[in-house]
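Coordinate analysis (summary)
Each chain is listed here by its residues.
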Amino acid sequence: MSGFSSDPGFAERRARARIELDAIDPAKGAAPDASDPLRRGWFEAVYALAENDAARVPWANLSPHPLTRSFVDLQIRGLEGLCALDVGCGLGDNAECFSAAGADVTAFDLVEEAVQWAKRRFPDSKVAYSAEDLFKVPPEWREKFDLVHECYTLQALAPELLPKALAALASLLAPDGKLLVIARARDEDAPASGPPWPLPPSIFAEAERHGLRRIVIEDIAATAEVPIRHWRALLRRSDAA
Ligand SMILES: C[S@@+](CC[C@H](N)C(=O)[O-])C[C@H]1O[C@@H](n2cnc3c(N)ncnc32)[C@H](O)[C@@H]1O
């Protein structure tokens, strides 16, 4: 799944970064930091410590996620003119993928440095990048988007935040809007020793409680390209006809 085949030191730098970042992640320790429930301090540290080396950002592959890209490729009617939002955009590859397919894309991340880095990578981008918190989005974004995409952000949140996160995602959808979720999957009763916390199937019942009805939920087994079981779920506002 890596876009770094031409960088021989990539795997080693990433492995080293993972060890360093796990060591400073309060959620990996015995006592999570109650003063920072969003783990903002850790996400900021990830991007700051990377010093512009994407190998040191554990989720960055410098290419769209394969399940995002294939979703975009499968849209027979294309995405031309669609008002789209990428949540927790990281270094911007997924947002750029939607933009290249013709969508009018807004993308945000909790971390200012992630946003600045995405802008440096894509200086001619049409994507409107900004630093925002999913739990405090600008009021003008409410009910605005035809398509909201999240890849690996829900699974990066402490599980107790998920109901609030789903409510926040639902509030961003236009009346006919859809939410695309790409996340690691686990069985309901499987232990989830995150972060990241793979999502159990009950996440979709929870989503429905927040006004997000399933259109299609794919339970995708590990492949060579994506070597871990994933969900790719397309949900829509349940008040839509
Ligand atoms: C696991 S990374 C995934 C990044 C990107 N979606 C990707 O697939 O490469 C999760 C991202 O969500 C961001 N994030 C975490 N909490 C957030 C929040 N409350 N609001 C917005 N972004 C958040 C993090 O800073 C991080 O960049």
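Rules used in this analysis
- Residues numbered from 1 in each chain as written.
- Predicted model: local features only at pLDDT ≥ 70, side-chain atom pairs only at ≥ 80, totals over all residues.
- Heavy atoms only, no water.
- Buried < 20%, exposed > 50% of the residue type's maximum accessible area, 1.4 Å probe, protein only.
- Helix = DSSP H or I, 4+ residues; strand = E, 2+ residues; numbered from the N terminus.
- UniProt positions renumbered as here; feature names shortened; annotations may be inferred.
- Contact = heavy atoms within 4.5 Å.
- Pairing = 2+ DSSP bridges.
- Right-handed = clockwise from strand over helix to strand, strands pointing away.
- Domains from an automatic or database assignment.
- Buried area = accessible area lost by both parts, 1.4 Å probe.
- Salt bridge = Lys/Arg side-chain N within 4 Å of Asp/Glu carboxyl O.
- Polar contact = N/O pair within 3.5 Å; in protein donor to acceptor, adjacent residues only side chain to side chain.
- Near = heavy atom within 4 Å.
- Areas by Shrake-Rupley, 256 points an atom, 1.4 Å probe, with all protein chains shown as cover.
- Nonpolar A, V, L, I, M, F, W, Y, C, P; charged D, E, K, R; others polar.
- Axes fitted to C-alpha atoms, helices over the stretch in contact; angles between N-to-C directions.

Some remarks on helix α4 (residues 93–100)
Counting buried residues along α4, seven of its eight residues qualify, which places the element largely inside the surrounding structure. One or two residues past the end of α4 sits Gly 102, with phi positive at roughly 105°.

Some thoughts on the UniProt feature "domain: Methyltransferase" (unreviewed entry) in the chain
Per the UniProt record, "domain: Methyltransferase" (unreviewed entry) is found at residues 85–177. As a span, residues 85–177 carries 30% helix and 27% strand, and end to end its C-alpha atoms are 11 Å apart.

Looking at the environment of Leu 166
Relative to the elements of secondary structure, Leu 166 occurs in helix α6 (residues 162–171). Classification of Leu 166 as buried rests on a relative accessible area of 1%. Distance from Leu 166 to Leu 134, taken between C-alpha atoms, is 9.9 Å for residues 32 residues apart in sequence. For Leu 166, the contacting residues outside a window of four places in its chain are Leu 154, Ile 203, Glu 206, Ala 207, His 210 and Leu 212.

A short note on the pairing of strand β5 (residues 173–184)
Relative to β5, strand β4 (residues 145–151) runs parallel, the two sharing six bridges. Residue pairing across strands places His 149 opposite Leu 180, the latter belonging to β5. In this fold, β4 hands off to α6, which returns the chain to β5; that crossover is right-handed. As judged from the seven bridges shared by β5 and strand β7 (residues 230–237), these two strands associate in the antiparallel manner. Bridge pairing in β7 places Ile 182 opposite Arg 232.

Re the domain arrangement of the chain
Its domain assignment divides the chain into domain 1 (10–56) and domain 2 (66–237). Centre-to-centre separation of domain 1 and domain 2, based on C-alpha positions: 21 Å. Counting residues at the interface gives 14 residues for domain 1, matched by 16 residues for domain 2. Here domain 1 meets domain 2 over a buried area of about 1,300 Å², counting both sides, of which 68% is carbon and sulfur. At the boundary of domain 1 and domain 2, one finds zero salt bridges. At the surface where domain 1 touches domain 2, the tally comes to four residue pairs in polar contact (both at pLDDT 80 or more).

Quick word on the site of the ligand
Among the 19 residues in the neighbourhood of the ligand, the closest are listed as Tyr 47, Gly 88, Asp 109, Leu 134 and Cys 151. Residue Asp 133 places a side-chain N or O atom 2.9 Å away from a nitrogen atom belonging to the ligand. A distance of 2.9 Å separates a nitrogen atom of the ligand from a polar backbone atom of Leu 134. Its free accessible area being 600 Å², the ligand has 95% of it covered by the protein chains. For the shell around the ligand, the elements supplying multiple residues, two or more each, are α2 (40–50) and β2 (104–109). In terms of residue class, the shell around the ligand is built from twelve nonpolar, four polar and three charged.

Let's talk about the sheet that holds β7
Taken in spatial order, the seven strands of this open sheet run β3-β2-β1-β4-β5-β7-β6, and their pairing is mixed. With one partner strand each, in any of the chains shown, β3 (128–131) and β6 (212–220) form the two edges of the open sheet. Averaged over neighbouring strand pairs, the angle between their axes works out to 15° when direction is ignored. Packing of helix α3 (residues 66–74) onto the sheet brings it into contact with β4, β5, β6 and β7, and relative to β7 it is tilted by some 50°.

Quick notes on the pattern of salt bridges
Side chains that differ in charge, positive against negative, can pair when their charged atoms come close. For the structure on display, the rule yields 13 salt bridges. The salt bridge involving Arg 237 is made with Glu 143; its shortest N-O contact spans 3.0 Å. Of this pair, Arg 237 sits in strand β7 while Glu 143 sits in the loop between β3 and β4, and the two are 94 residues apart along the sequence. By relative accessible area, which is 11% here, Arg 237 ends up buried. A salt bridge links Asp 219 to Arg 229, with the shortest nitrogen-to-oxygen separation between them at 2.8 Å. Of this pair, Asp 219 sits in strand β6 while Arg 229 sits in the loop between β6 and β7, and the two are ten residues apart along the sequence.

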